Amino acid sequence: MRRGEIALQEKTRTLADLVLRLFIHFGDLKMPVVRALSRVAKQALLAPACTCQPLAVAVRNISFSPRQVTSDASFHSVSFSETDHPKVLITGGLGQLGVGLAKLLRRRFGNNNVILSDIRKPPSHVFHSGPFIYSDILDYKNLREIVVNNRITWLVHYSALLSAVGEANVPLARAVNITGLHNILDIAAEHGLRLFVPSTIGAFGPTSPRNPTPDLCVQRPRTIYGVSKVHAELMGEYYHHKYGLDFRCLRYPGIISADSQPGGGTTDYAVQIFHDAVKTGKFECNLKPDTRLPMMYIDDCLRATLEVMEAPADTLSMRTYNINAMSFTPEELAAEVQKQLPDLQVTYDIDLVRQAIADSWPMNFDDDNARRDWGWKHEYDLPELVQTMLNFIGSDSRVARVN
Ligand SMILES: NC(=O)C1=CN([C@@H]2O[C@H](COP(=O)(O)OP(=O)(O)OC[C@H]3O[C@@H](n4cnc5c(N)ncnc54)[C@H](O)[C@@H]3O)[C@@H](O)[C@H]2O)C=CC1
Ligand SMILES: CC(=O)[C@H](N)C(=O)O
């Protein structure tokens, strides 16, 4: 299929889907706006690929309020008081963070109240530990079906392409991180969900203040990942103000975890060093030794996510917060690891793409607002992080050797 035809097909699907949504919510085609839309959709379906311009104009001109639609739709009105606990859906749940978050939320809300989803096949321990469902965030109808059938009240949107893989595949990153987010926002607004979307230190760029980086400042990132995350922050806040969407967003630092692998970011080296140190005693770093970036241990990150989701709305003076724990360079991390494993040898082979990204990101994060508004407090600094990672990976590899 040619590019123009694919674009037309996508636009047609978007419009047809919008018509369907209005159709469902208003019951029939008596309303003039729905009738007009249905006519445009029919024309678009019949028109050749090169005449897609009027369709794009029609979609942009629609005045559409997901919030109003929701309040009119009685069959969607899942009230929080019907159950003691939220019913949570996590998208992109098989990445570095989702499985850990599901574990934390299931401990708090009950196993069956937290559904993990992804487009990948879950490993058997994940599949057997609680509800798992296939969900492609680019498939709006599938998402809506999952939310409705499972009476979802909280949505944690983790699907994304991270900074390095995003630069390697910009069209896919744009689709997943931007088009996918639009689906999520519409679903969340229409069904009155509380929505968490993580942002990142990568939402800042070379013209932002880097040491420290406050919540509100210039944001001109130079990666598709960063651009998509600024877009997510702004769209979420816009939906909050315009439609009352309960949007909550934390800008995570680079996250370090022992039992899950990072998905192709710039901060991945800070996870890999522990595995290589334990397994081979050698580590080749792809960032320069003095590259300083904000980092956080996964337990702090997941706890922050739960805490901001549970925070009473009136404590949130903002909807997007920086959160911080520690900040270090590869040589400082290596030195801390060498206190436990003195024989570790570290060499440097710089990845130019990752280095350029890291050089444009914050060195230190200012998270005073999160600490003041909802009591954010990290527990892991560099020494505790290193000790915990080595204990975990060390014991894991000892178990592997015994078996
Ligand atoms: N891990 C980190 O250091 C940081 C992560 N974040 C954010 O936290 C979130 C989760 O991060 P990770 O778990 O590290 O990401 P990850 O890259 O490890 O996992 C992302 C998941 O999204 C899934 N996915 C891709 N396309 C999809 C689609 N069309 N539909 C549904 N799922 C799809 C992938 O299969 C993957 O399992 C992301 O939004 C990321 O931007 C933010 C800052 C730091
Ligand atoms: C900091 C992030 O958002 C992520 N780990 C990446 O490096 O892309």
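- For the protein, an unreviewed UniProt entry supplies the name L-threonine 3-dehydrogenase, mitochondrial and the organism Megalops atlanticus.
- One UniProt comment on the protein, placed under Sequence similarities (unreviewed entry), says "Belongs to the NAD(P)-dependent epimerase/dehydratase family."

**With respect to the site of ligand 1**
Right, so step 1: For ligand 1, the set of nearby residues contains 26 residues, the closest of which are Gln96, Asp118, Arg120, Asp136 and Tyr225.
Right, so step 2: Take Gln96: an N or O atom from its main chain is 2.9 Å from an oxygen atom of ligand 1.
Right, so step 3: One of the side-chain N or O atoms of Asp136 is found 2.9 Å from a nitrogen atom in ligand 1.
Right, so step 4: Here ligand 1 loses 93% of its free accessible area of 830 Å² to cover by the protein chains.
Right, so step 5: For the shell around ligand 1, the elements supplying multiple residues, two or more each, are strand S6 (199-200), helix H10 (224-243) and strand S8 (254-256).
Right, so step 6: Here the residues of the shell around ligand 1 are counted per class, giving 13 nonpolar, 9 polar and 4 charged.

**A short note on the environment of Cys217**
Right, so step 1: Within the secondary structure, Cys217 is located in the loop between S6 and H10.
Right, so step 2: Assessed through its relative accessible area of 22%, Cys217 is described here as partly exposed.
Right, so step 3: Each C-alpha atom of the pair Cys217 and Thr207 lies 9.3 Å from the other, and the pair is 10 residues apart in sequence.

**Structural notes on helix H14 (residues 352-359)**
Right, so step 1: Among the residues making up H14, those that are buried are Arg354, Gln355, Ile357 and Ala358. Seen end-on, H14 carries its buried residues on one side only, within an arc spanning 160°.
Right, so step 2: On its buried face, H14 sits against helix H8 (163-168) and strand S10 (293-297).
Right, so step 3: Measuring from the side-chain oxygen of the N-cap residue of H14 to the backbone nitrogen of Val353 gives 2.9 Å; that N-cap residue is Asp351.

Each value, and the rule that gives it
- Residues numbered from 1 in each chain as written.
- Chains lettered and ligands numbered in written order.
- Predicted model: local features only at pLDDT ≥ 70, side-chain atom pairs only at ≥ 80, totals over all residues.
- Heavy atoms only, no water.
- UniProt positions renumbered as here; feature names shortened; annotations may be inferred.
- Near = heavy atom within 4 Å.
- Polar contact = N/O pair within 3.5 Å; in protein donor to acceptor, adjacent residues only side chain to side chain.
- Areas by Shrake-Rupley, 256 points an atom, 1.4 Å probe, with all protein chains shown as cover.
- Helix = DSSP H or I, 4+ residues; strand = E, 2+ residues; numbered from the N terminus.
- Nonpolar A, V, L, I, M, F, W, Y, C, P; charged D, E, K, R; others polar.
- Buried < 20%, exposed > 50% of the residue type's maximum accessible area, 1.4 Å probe, protein only.
- Arc of directions from axis to C-beta.
- Contact = heavy atoms within 4.5 Å.

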